[in-house]
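Working through the structure, step by step
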Amino acid sequence: MSDLTQCVVTPKVPTEGFDPLGVAIHRGSTIAFEDAAAYAARGDRGDSGYAYGLYGTPTTRTLEEKLTRLEGGCRSFLVPSGQAANTMALLPFLSAGDHVLLADTVYPPMRDLARNELVRMGVVADFFDPTDLDDLRSRMLPETKIVWCESPGSTTMEIMDIPAVADIAHGGGALLGVDNTWATPLNLKPLTLGADLVTEALTKYVSGHSDVLMGSISVRSAELAARIKATIGRMGIGASPDDAALVLRGFETLGLRLRHSEAVAGRFAERLARHPMIRRVLFPALPSSPGHALFKRDFLGGSGVFTLTFPDRVAPHVTAALDALKLFVIGASWGGTRSLVAPMTVAANRSATRWIDPDITLRVSIGLEDENELWDDMQRFIEALANQSRRRRWFDT
Ligand SMILES: *Cc1c(COP(=O)(O)O)cnc(C)c1O
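The structure contained in this document is the topic of the report that follows. Computed from a predicted structure; not experimentally measured.

Reading the values: rules and limits
Residues numbered from 1 in each chain as written. Predicted model: local features only at pLDDT ≥ 70, side-chain atom pairs only at ≥ 80, totals over all residues. Heavy atoms only, no water. Helix = DSSP H or I, 4+ residues; strand = E, 2+ residues; numbered from the N terminus. Rg over C-alpha atoms; globule rule 2.2 N^0.38 Å. Contact = heavy atoms within 4.5 Å. Areas by Shrake-Rupley, 256 points an atom, 1.4 Å probe, with all protein chains shown as cover. Lys, Arg positive; Asp, Glu negative; His and termini not counted. Charge placed at Lys NZ, Arg CZ, Asp CG, Glu CD. Salt bridge = Lys/Arg side-chain N within 4 Å of Asp/Glu carboxyl O. Buried < 20%, exposed > 50% of the residue type's maximum accessible area, 1.4 Å probe, protein only. Pairing = 2+ DSSP bridges. Axes fitted to C-alpha atoms, helices over the stretch in contact; angles between N-to-C directions. Parallel < 35°, antiparallel > 145°, perpendicular 65-115°, else oblique. Left-handed = near helix turned anticlockwise from the far one by under 90°. Nonpolar A, V, L, I, M, F, W, Y, C, P; charged D, E, K, R; others polar.

Topic: the overall build of the protein chain
Scanning the protein chain for helices and strands turns up 15 helices and twelve strands. Computed over C-alpha atoms, the radius of gyration of the protein chain comes to 23 Å, within 12% of the 21 Å expected from 2.2 N^0.38 for 397 residues, which places it in the range of a compact globule. In terms of overall dimensions, the protein chain has C-alpha extents of about 90 × 55 × 35 Å along its principal axes. Intrachain contacts of the protein chain at a sequence separation of at least 6 include 73% that bridge at least 24 residues. Taken as a whole, the protein chain presents about 18800 Å² of accessible surface, with 53% of it coming from carbon and sulfur. Distance between charge centroids for the protein chain: 3 Å, based on 41 positive and 47 negative side chains.

Side note on the pattern of salt bridges
Tallied over the full model, the rule gives 18 salt bridges. Where lysine 145 meets aspartate 98, a salt bridge forms, and the shortest distance between an N and an O atom there is 2.8 Å. With lysine 145 in strand β4 (residues 144-150) and aspartate 98 in the loop between α4 (82-90) and β2 (99-103), this pair connects stretches of sequence that are 47 residues apart. Judged by relative accessible area, lysine 145 falls into the partly exposed class, the value being 31%. The partner of arginine 139 in a salt bridge is aspartate 126, and the shortest N-O contact between them spans 3.3 Å.

Topic: the sheet that holds strand β11 (residues 340-344)
Here we have five strands laid out as an open sheet, ordered β8-β9-β12-β11-β10, and mixed in their pairing. Edge positions in the open sheet fall to β8 (280-282) and β10 (329-330), since each of these has one partner strand only. Sheet topology places β10 next to β11; two bridges connect them, and they run parallel. The residue bridging isoleucine 330 from the neighbouring strand is valine 341, located in β11.

Section: the packing of helix α3 (residues 58-71) against helix α11 (residues 241-251)
Running from N to C, α3 and α11 point in directions that differ by 40°, and their axes come no closer than 8 Å. Classified by the angle their axes make, α3 and α11 are oblique. Relative to α11, α3 is oriented so that their crossing is left-handed. Along the contact surface, α3 presents Thr59, Thr60, Thr62, Leu63, Lys66, Leu67 and Leu70, while α11 presents Pro241, Ala244, Ala245, Val247, Leu248 and Phe251. Its residues assigned to classes, the contact of α3 with α11 shows nine nonpolar, three polar and one charged.

Put into structure tokens, the structure is as follows:
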């Protein structure tokens, strides 16, 4: 073989006996076939076979399998972001003339999707109060194909009665989909509570290091899996094996990271709930939270993301006071090792419910820093808030 040929014909070395604990990164677009007959029969390789890189490599399949087992599902699919997972959980089941119902508190890009892409497809979307089963019942139509939920709700943290919502959806012939990003498959298992589809933004807690974007869709049945597989294949959507390897690495510490963040968030939430500069702490793990009973019934644990609302006189100073923070990072994609805060407005993303607190909230994600240093930083923010509110009042009078 000439040197030029040897440059491209890769020799096989033995892999037997090499059993690392980590998952190898298998990259590939082309899959080589033994002979022409094997190539011609590639379509018969079935769901677990390999025919083309877009449809999975051993690395992405490993992550899918781990998710399928933890979700208690039948099959999982990886897509390049959490939002892509939500989109691809809906699209295979919607055609012109169909109707979808979304919880009023879903991840805001889902509202955007419903109001733009779904409208262009001729699909009508409506929103319902996530804490009012009668409201959901009254909005179900014969054309309703999917009820889409997120529990707790994005930013405002309402807990939904998933088994009851599943009964209503199924009673009307609709599927139930749940975005499970806050709880992760460790702390809530929507498929075992009656959901048909569950999505995760692996970008957040599961990967856990703020360095990768990925999403997953897990389904209850082979029939649903076939629909999703066909649509994402036709649309040419696949996930990178390198990114899947990052998610697999983060996955190994998910349980410990969540347990830590949940415990610290719980202590912060209790202290902040008593603070005069705070109006409400939205966090279902707090015993005083409106969704706490359902949380105790359905969830196996919580996570480290909660939201603060502020009294009227304090709210206008939240944005400026954030600059007092030295350890918390101001940023959006929570669930990483660094603690984050993000000011969030709510009212513009509500149509079936009314938002009554001042329209600036602070979403907090507790990471892995030293708890005392983090609390000192939170106090710096609250002191800045108190100073600015005081100064403002003095100028006013
Ligand atoms: C962040 C997030 C998503 C989207 O994840 P990306 O990977 O950033 O697209 C979806 N749902 C929820 C609840 C999220 O918090």
